[in-house]
Every structure is written in structure tokens, then in C-alpha cells.
Amino acid sequence: MSQDEAHYPPVDPVQVGLRGRCPRCGEGALFDGLLSVKPKCGVCGLDNAFADAGDGPAVFVIMIIGFLVVGLALWLEVNYSPALWVHLILWIPLSTVLTLVLLRMAKGLLIALQYRNKAAEGTIDRG
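Structural notes, computed from the coordinates.

**Some thoughts on the overall build of the protein**
And then number 1: Scanning the protein from N- to C-terminus turns up three helices and zero strands.
And then number 2: Of the regular secondary structure in the protein, the N- to C-terminal order runs α-α-α.
And then number 3: Along the first, second and third principal axes, the C-alpha set of the protein runs to 60 × 40 × 20 Å.
And then number 4: Counting over 127 residues, the protein shows a buried share of 28%.
And then number 5: If you take every contact in the protein between residues at least 6 apart in sequence, the share linking residues at least 24 apart comes to 51%.
And then number 6: When the accessible surface of the protein is totalled, it reaches about 8700 Å², and 63% of it is carbon and sulfur.
And then number 7: Charge-centre separation for the protein: the mean point of 10 positive side chains lies 5 Å from the mean point of 11 negative side chains.

Put into C-alpha cells, the structure is as follows:
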């Protein structure tokens, strides 16, 4: 992670992460497209090389969406017993849309928290 010498007022990592904004200034866009992170902020010039959310956002989203969709599908099946095509029409688009929206928000949140907490790759101090 590069040294940050500029002085910026602190921003709320949850707010900027969920909105997909720069974790340092809160103004510039964090994403270039749907999920790819911009190389640097267009407003403050923050180098986003530190940003590596890994598989964390995907795991959270899979668990949350899976819990919601399976629970709702079971509730619908037990109470109304609809045809299979009703389940397909309802749950596939809902799962897709929720996954795309929540994945972007979760990735932004984890990157903002990485920046705030100065998270970096672990090293072994042998000295």
C-alpha cells in the first residue's frame, strides 16, 4: 500500500462502500463497470492497487441470497403449491438481480473497510 500524505476528512466506510465511492475522498467512483475496480480515483488520485476483496463478498452474498430465496420458495411451496414454472419465473430472476446488486455493494464495503483499517497482506517479521 502506498503512503497517503494528503489530508482528507474521514468518510464513513459503510456509506461510501455501499454507494461504490472512493474510500479516501468519498467522491470519485470506485468501480469501472459492474465489478471491476478502477486503477485510481478520478477525484483524489488514490491508487486502488491495495483493493483486493477476494472471495469475501461472494461468500456473504451467496449465504444471504440463498437464505432468502430458499426460505421464500419453501414458504410459497408449502402455502400455495404452485407449478414448477412459477418457481422458475420467480426465483431465477430475483436471485440474479439480488446477487448483482448485493455483490457490488459488498465488494465496495469490503474495499472501503480495507482502506480504513489499512489492511494489507500479512508478512513475517524475521528481524
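**Comments concerning a nonpolar patch on the surface**
And then number 1: Together, Phe60, Ile64, Phe67 and Leu68 make up an exposed nonpolar region whose accessible area comes to about 450 Å².
And then number 2: Take Phe60: it is sitting in helix α2 (residues 56-80).

**Examining the side chain of His87**
And then number 1: Its place among the elements puts His87 in helix α3 (residues 84-116).
And then number 2: Accessibility expressed as a relative area gives 13% for His87, which makes it buried.

**Remarks on α3**
And then number 1: For α3, built from 33 residues, the straight-helix expectation of 48 Å at 1.5 Å per residue is met to within 8% by its first-to-last C-alpha distance of 47 Å.
And then number 2: At its buried positions, α3 is contacted by α1 (13-19) and α2.

**A short note on unusual backbone geometry**
And then number 1: Phi is positive for Ser81, close to 45 degrees, though the residue is something other than glycine.
And then number 2: Within the secondary structure layout, Ser81 lies in the loop between α2 and α3.
And then number 3: At Lys118, a residue that is not glycine, the phi angle is positive and equals roughly 55 degrees.
And then number 4: Mapped onto the fold, Lys118 is located in the segment after α3.

**Remarks on the packing of α2 against α3**
And then number 1: Running from amino to carboxyl end, α2 crosses α3 at an angle of 155 degrees, the nearest separation of the two axes being 9 Å. In this view, α2 runs roughly antiparallel relative to α3, as classed from their interaxial angle. Crossing handedness for the pair α2 and α3: right-handed. Packed against α2, whose contacting residues are Gly56, Pro57, Ala58, Phe60, Val61, Ile64, Ile65, Val69, Leu72, Ala73, Leu76 and Glu77, the element α3 presents His87, Leu90, Trp91, Leu94, Ser95, Leu98, Thr99, Leu102, Leu103, Ala106, Lys107 and Leu110 at the interface.
And then number 2: Considering only residue class, the contact of α2 with α3 consists of 18 nonpolar, four polar and two charged.

Cut-offs used in this document
Residues numbered from 1 in each chain as written. Predicted model: local features only at pLDDT ≥ 70, side-chain atom pairs only at ≥ 80, totals over all residues. Heavy atoms only, no water. Helix = DSSP H or I, 4+ residues; strand = E, 2+ residues; numbered from the N terminus. Buried < 20%, exposed > 50% of the residue type's maximum accessible area, 1.4 Å probe, protein only. Contact = heavy atoms within 4.5 Å. Areas by Shrake-Rupley, 256 points an atom, 1.4 Å probe, with all protein chains shown as cover. Lys, Arg positive; Asp, Glu negative; His and termini not counted. Charge placed at Lys NZ, Arg CZ, Asp CG, Glu CD. Patch = residues over 30% accessible without salt bridge, like charges linked within 9 Å, V, L, I, M, F, W, Y side chains within 5 Å. Salt bridge = Lys/Arg side-chain N within 4 Å of Asp/Glu carboxyl O. Expected span 1.5 Å × (residues − 1). Axes fitted to C-alpha atoms, helices over the stretch in contact; angles between N-to-C directions. Parallel < 35°, antiparallel > 145°, perpendicular 65-115°, else oblique. Left-handed = near helix turned anticlockwise from the far one by under 90°. Nonpolar A, V, L, I, M, F, W, Y, C, P; charged D, E, K, R; others polar.

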